[in-house]
Amino acid sequence: MRILFLTHSFNSLSQRLYLELMGRGHEVSIEFDISDAVTLEAVAMYRPDLIIAPFLKRAIPEEIWRKQVCLIVHPGIRGDRGPSALDWAILNGEQEWGVTVLQAAAEMDAGGIWASANFPMRAASKGSLYRNEVTAAAAAAVLEAVEKFEAGGFVPEPLDSARPDVRGQWRPAMRQEDRAIDWRDDDASTVLRKIRSADGFPGVLDEVLGEACYLYDAHPETGLRGAPGEIIAHYNGMICRATVDGAVWIGHLKKKQESEPAFKLPAAMVLGEKLAGVAETEGAWRDIRYEEKNGVGTLHFEFYNGAMSTAQCGRLLQAYQEAIRRDTKVIVLAGGADFWSNGLHLNLIEAADSPADESWCNINAMNDLARAILATDSHFIISALQGNAGAGGVFLALAADRVVAREGVVLNPHYKAMGNLYGSEYWTYLLPRRVGAERAGEITGNRLPVRARQAKELGLIDDCFGSDAAGFRCGVEALAESLAADAPALLAEKRAERRRDEAEKPLAAYRAEELAQMKRNFYGFDPSYHVARYNFVHKVLHSRTPRHLALHRRIGGK
């Protein structure tokens, strides 16, 4: 079928649904929801069999939904209505939530139900739930709805709030006062729920050391204590704030200001000199941690939104070097639960006095880390992608000897969407040796996401397994332990291959060639990278849909 996506942006959920439908033989074109006129034009040009709205912030024009079926993906259980579905579910401590696929109608979220899927709630941020449980449930529900539509004759179930299985209700958009923190009364779990309910967007508005800021990226602290509301520690850019019964770490802040645009930055960076006198103390939550079991070392790195700054790359390199000094033979690079890595830290680059200079430092720090992984001859290295990866993060993962991913993971193995960035991380060595030169050009040039199973078929990764995070971790553990048993032979083969490759063309030569291109991106006359980075960091709305996504505009020539 010809399916048109109407979406606010091509976010993680939209990408997963796009890949699932394309993988089942459907033709999918995408139009960003810019205006009614643009939407009407897209429908007229493409003449889709079905319209799906995976992520919208406003209603589909009545002229469209009255003429053909439009399916809305709503992140709420049956009967739930309103724009803050997941926010309320987190704040209210719901034990179970879901996704419902509704037919667009005059009343928002009140159309007939085509499919739904529920999931147990997890103590996590809105963004984490959205990228994992919500996305998996949406994929299941949308595929069910599409099958029903394709078969024909299905009549969607009218919304009936009187039914016992319809637990949802109308809830208004959540306001800041609904999740405002009372530091004199709220315990740590309440503070965490409030911040997590707003994570990603819009954040919880609060006052921090006299500064009006939005709070993001909260984690529990089990050991530190202080007067409620007091900032009692800072470490690696995070701040620790006491509650009535404990404390929480807050990783990122965004200043509330009208005079100039603000964006999320590490909390300690935002507060700067105001933290003078606050102890620099490591707490229970760490963004980098190492564990060891049955001769296998696992390095976890949980960086917010997968972005890796110059400093974070340096700390991760140090942790990696310490790990390979251990008496083990296999190291698992586990990344984080939501992201393995998305490469450069664009927000910190944007905030730098010289974004070009910071870009240069950041890419070299990424390269230093990739080089260390590639040069390791004492251990067999596994990149285990339990979360999504993009840009330089994908190619950093390829520096390992074995690359595996969870089945639901989405990869974006390209740089060009960020202002025709060339990229580094030794990708000109790592990618062709896996997929060949011609396919490497196709993968990096088409600027489209790749699902894990497709990545395996392409040779981009070695395997994918595990329908959920727990299953994937068990599979990685078994794989790592089996490889540890064969380590002597594997390491001998690895050393020989590295010697051959180095003799043919040194890694230093690949790096020099890539960085020559990157220098043009950062310091050259073409400002495309700097413009694209600014638009990304400041969330500038799209003025048009990129042609590589809008198939109908390539066909129509507009």
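Preceding block: the structure.
Residues numbered from 1 in each chain as written. Predicted model: local features only at pLDDT ≥ 70, side-chain atom pairs only at ≥ 80, totals over all residues. Heavy atoms only, no water.

In this section: the packing of helix α12 (residues 427-435) against helix α13 (residues 437-445). If you want to describe how two helices pack, look at the angle between their axes and the distance between the axes. The interhelical angle for the contact between α12 and α13, taken along N-to-C directions, is 115°, at an axis separation of 7 Å. Of the two elements, α12 crosses α13, and the hand of that crossing is right-handed. Each of Trp-427, Leu-431, Pro-432 and Val-435 in α12 lies in contact with α13, whose residues at this interface are Ala-437, Arg-439, Ala-440, Ile-443 and Thr-444. Residues that form the contact of α12 with α13 fall into these classes: seven nonpolar, one polar and one charged. (Axes fitted to C-alpha atoms, helices over the stretch in contact; angles between N-to-C directions. Helix = DSSP H or I, 4+ residues; strand = E, 2+ residues; numbered from the N terminus. Left-handed = near helix turned anticlockwise from the far one by under 90°. Contact = heavy atoms within 4.5 Å. Nonpolar A, V, L, I, M, F, W, Y, C, P; charged D, E, K, R; others polar.)

If you trace the six strands from one edge of the open sheet to the other, you get β2-β1-β3-β4-β5-β6, paired in mixed fashion. Both edges of this open sheet fall to β2 (27-32) and β6 (113-120), since each of them pairs with a single strand only. Across the sheet, the mean angle from the axis of one strand to that of its neighbour is 20°, orientation sign disregarded. Relative to β6, strand β5 (residues 96-103) is paired through seven bridges, and the arrangement is antiparallel. Paired with Val-101 across the strands is Ala-115, a residue of β6. Sitting on the sheet, helix α5 (residues 126-151) touches β3 (50-55), β4 (70-74), β5 and β6, and the angle it makes with β6 is about 155°. (Pairing = 2+ DSSP bridges.)

A few words now on the pattern of salt bridges. For the coordinates displayed, the defined rule picks out 39 salt bridges. A salt bridge links Glu-157 to Arg-163, with the shortest nitrogen-to-oxygen separation between them at 3.3 Å. The partly exposed category is assigned to Arg-163, whose relative accessible area is 31%. In this structure, Arg-326 and Glu-292 form a salt bridge, with 3.0 Å as the shortest nitrogen-oxygen distance. With Arg-326 in the loop between α8 (310-323) and β15 (330-335) and Glu-292 in strand β13 (residues 288-293), the pair connects residues that are 34 residues apart, well separated along the chain. Among the residues examined, Arg-326 registers a relative accessible area of 43% and is labelled partly exposed. (Salt bridge = Lys/Arg side-chain N within 4 Å of Asp/Glu carboxyl O. Buried < 20%, exposed > 50% of the residue type's maximum accessible area, 1.4 Å probe, protein only.)

Let us now look at helix α16 (residues 487-504). The terminal C-alpha atoms of α16, which comprises 18 residues, lie 26 Å apart, in line with the 26 Å expected from a rise of 1.5 Å per residue. Taken residue by residue, α16 has Ala-487, Leu-490, Leu-491, Lys-494, Arg-498 and Asp-501 as its buried positions. End-on view of α16: buried residues confined to an arc of 95°, all on one side of the axis. Residues Pro-488, Ala-489, Glu-493, Arg-499, Arg-500, Ala-503 and Glu-504 are exposed on α16 and point more than 90 degrees away from its buried face. Contacts from the buried residues of α16 go to α10 (355-375), β17 (380-385), α12, α15 (469-485) and α17 (507-523). (Expected span 1.5 Å × (residues − 1). Arc of directions from axis to C-beta.)

Between its terminal C-alpha atoms α17 stretches 24 Å, which fits the 24 Å expected from 17 residues at 1.5 Å a residue. In this structure, the buried side of α17 is in contact with α10, α12, α16 and α18 (528-537).

Here the bond from Phe-201 into Pro-202 is cis, since omega is 0°, no more than 30 degrees from zero. Although it is not a glycine, Asn-305 sits at a positive phi angle of roughly 60°. Mapped onto the elements, Asn-305 comes out in the loop between β14 (296-301) and α8. On the basis of relative accessibility, which here comes to 34%, the residue Asn-305 falls in the partly exposed class. In this structure, Glu-425 is a non-glycine residue whose phi angle is positive, near 60°.

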